[in-house]
Amino acid sequence: MQSETILILGAGGQIGTELTMELRKVHGGANVVASDIRAAAPIVMESGPFETVDASDPKRIAEVIDQYKVTQVYHLVALLSATSERIGIPAWHLNMNSLFEVMELCVSRGIKKMFWPSSIAVFGPTTPKANVPQQTVIEPTTIYGMSKYAGELWCDYYFKKKGLDVRSIRYPGLIGYKSAPGGGTTDYAVEIFYAAKQSKQYTCFLNAESRLPMMYMPDAIRATLQLMDAPADKLSIRHSYNITGIDFTPAELATAIQQEIPDFKIDYNPDFRQAIADSWPGSIDGSWAKKDWGWVPQYDLQGMVKDMLLNIPVPATV
Ligand code: VAH
């Protein structure tokens, strides 16, 4: 069987760092080409090929695809919710145009499989708040959410009209310790762990009751590989799959941390990201992902908290 050569665009990001390492475990370091606009984490730079690629430069992406004879592409580059609201239309252009260019390159090069992340950010204030079904009212009110929903429609179009086997997951907020998030509304759920280990105090930029869908990164990475390995004829969704993870409010997360660090304290000072969070649902029904490709999460809230606190280094005392 011909071995795969995988290109990861955005390998330096929160998902990209961990996805690169997992794919290199499966396919071998030399067969997974990491790329980003700037150098990635040392573990990525030192475990296989890395190429400097600006995702807004299709000629450069084509060069790397041809140089390595790439057979699969993971296109992870995007500006997230908070950054996109701050930047405005240029964020739409980066998120959308890079998707169009990569899908066109995958079709023209006969690339077998492509992955592109969507997000629960596609849902808006008119979406039901609890256990959001796979098919529902989708009226995003953020630039990031609009770009992700438009992208989902294009993924389905390229599958149906051009035969591109592009697959997608609506990630919830992702929490991990191997790579930092950047520019997201759910980033509080990562920052809080470092604050708990360092100062034992955290001021949260969302209010105490902001329930959001979340997922521990090991589950998110496993879901991604499980979807990509699923037989194409089992996939009934070609926009993007809802997947079930965990959901919690900042107050619930703080309580779970206090089970491990009793003197941890939290207070709340909501900023512009509160309006983004308020437009999103609180929990997701991932039953289609379970039916089509057997998705079941492994981490609950306390399990994630224990593992995060176990792995985040205690700051060196000065
Ligand atoms: C963000 N972490 O906050 C991303 C994610 C569901 C949120 O897409 O923008």
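Note that this is a predicted model, so its numbers are computed, not measured.

1. Topic: the overall build of the protein
Part 1: If you tally the helices and strands in the protein, you get 12 helices and 14 strands.
Part 2: The C-alpha radius of gyration computed for the protein amounts to 19 Å, which stays within 12% of the reference 20 Å derived for 318 residues, consistent with globular compactness.
Part 3: When the backbone C-alpha atoms are referred to their principal axes, the protein occupies close to 55 × 45 × 40 Å.
Part 4: Counting the 318 residues in the protein, one finds 54% classified as buried.
Part 5: Counted over contacts in the protein with a minimum sequence separation of 6, partners at least 24 positions apart contribute 78%.
Part 6: Of the roughly 13,300 Å² of accessible surface on the protein, a fraction of 55% belongs to carbon and sulfur atoms.
Part 7: Computing the positive centroid from 29 side-chain charges and the negative centroid from 34, the protein places the two 4 Å apart.

2. Some remarks on the site of the ligand
Part 1: Taken together, the residues surrounding the ligand are Leu80, Ser81, Ser119, Ile120, Tyr144, Tyr171, Pro172, Gly173, Gly184, Thr185, Thr186 and Trp280.
Part 2: For the ligand, an oxygen atom lies 2.8 Å from a polar atom in the side chain of serine 119.
Part 3: Side-chain polar atom of threonine 186 to a nitrogen atom of the ligand: 3.0 Å apart, as the coordinates give it.
Part 4: Alone, the ligand offers 280 Å² of accessible surface; in the complex the protein occludes 96% of this.

3. Quick word on the nonpolar core
Part 1: Residues Ile175, Tyr188, Phe193, Phe248, Leu253, Ile257 and Met304 are the most contacted members of the largest nonpolar core, which totals 39 residues.
Part 2: Counting residues per element, the ones that place at least two in this core are helix 7 (188-198), strand 10 (201-204), strand 11 (212-216), strand 13 (246-248), helix 9 (250-260), helix 10 (273-278) and helix 12 (301-311).
Part 3: The element that contributes the greatest number of residues to this core is helix 7, accounting for 7 residues.
Part 4: There are two domains that each give this core at least three residues, and those are domain 1 (6-172 + 215-242) and domain 2 (174-214 + 244-311).
Part 5: What leucine 253 contacts, discounting residues up to four positions off in sequence, is Tyr188, Ala189, Ile192, Phe193, Phe248, Leu301, Met304 and Val305.

4. Points about a nonpolar patch on the surface
Part 1: A cluster of nonpolar side chains, contributed by Ile89, Trp92 and Met146, occupies part of the molecular surface with about 290 Å² of accessible area.
Part 2: With respect to the helices, strands and loops of the structure, tryptophan 92 is situated in helix 5 (residues 89-108).
Part 3: We classify tryptophan 92 as partly exposed; its relative accessible area is 31%.

5. A short note on the packing of aromatic side chains
Part 1: The final tally for this structure, using the stated rule, is 10 aromatic pairs.
Part 2: Considering the side-chain rings of tyrosine 74 and phenylalanine 115, the 5.8 Å spacing of their centres and the 40° angle between planes classify their relative orientation as tilted. Of the two residues, tyrosine 74 sits in strand 4 (residues 72-75) while phenylalanine 115 sits in strand 5 (residues 113-115), which places them 41 residues apart along the sequence.
Part 3: According to the relative accessible area criterion, phenylalanine 115 is buried, its value standing at 0%.

6. Notes on the domain arrangement of the protein
The figure often quoted for interface size is the accessible area lost as the parts come together.
Part 1: Per the domain assignment, the segments of the protein are domain 1 (6-172 + 215-242) and domain 2 (174-214 + 244-311).
Part 2: Distance from the C-alpha centre of domain 1 to the C-alpha centre of domain 2: 22 Å.
Part 3: With 46 residues of domain 1 at the contact, the number on the domain 2 side is 44 residues.
Part 4: Taken together, both faces of the contact between domain 1 and domain 2 bury some 3,700 Å²; the carbon and sulfur share is 60%.
Part 5: When the buried area of domain 1 at its contact with domain 2 is split by residue, Gln14, Met215 and Tyr216 rank highest and sum to 22% of it.
Part 6: Class assignment of the residues belonging to the side of domain 1 that touches domain 2 gives a composition of 25 nonpolar, 14 polar and 7 charged.

What counts and what doesn't
- Residues numbered from 1 in each chain as written.
- Predicted model: local features only at pLDDT ≥ 70, side-chain atom pairs only at ≥ 80, totals over all residues.
- Heavy atoms only, no water.
- Helix = DSSP H or I, 4+ residues; strand = E, 2+ residues; numbered from the N terminus.
- Rg over C-alpha atoms; globule rule 2.2 N^0.38 Å.
- Buried < 20%, exposed > 50% of the residue type's maximum accessible area, 1.4 Å probe, protein only.
- Contact = heavy atoms within 4.5 Å.
- Areas by Shrake-Rupley, 256 points an atom, 1.4 Å probe, with all protein chains shown as cover.
- Lys, Arg positive; Asp, Glu negative; His and termini not counted.
- Charge placed at Lys NZ, Arg CZ, Asp CG, Glu CD.
- Near = heavy atom within 4 Å.
- Polar contact = N/O pair within 3.5 Å; in protein donor to acceptor, adjacent residues only side chain to side chain.
- Core = buried A, V, L, I, M, F, W, Y, C linked by side-chain atoms within 4.5 Å.
- Domains from an automatic or database assignment.
- Patch = residues over 30% accessible without salt bridge, like charges linked within 9 Å, V, L, I, M, F, W, Y side chains within 5 Å.
- Salt bridge = Lys/Arg side-chain N within 4 Å of Asp/Glu carboxyl O.
- Phe/Tyr/Trp six-rings, centres within 6.5 Å; stacked < 30°, edge-to-face > 60°.
- Buried area = accessible area lost by both parts, 1.4 Å probe.
- Nonpolar A, V, L, I, M, F, W, Y, C, P; charged D, E, K, R; others polar.

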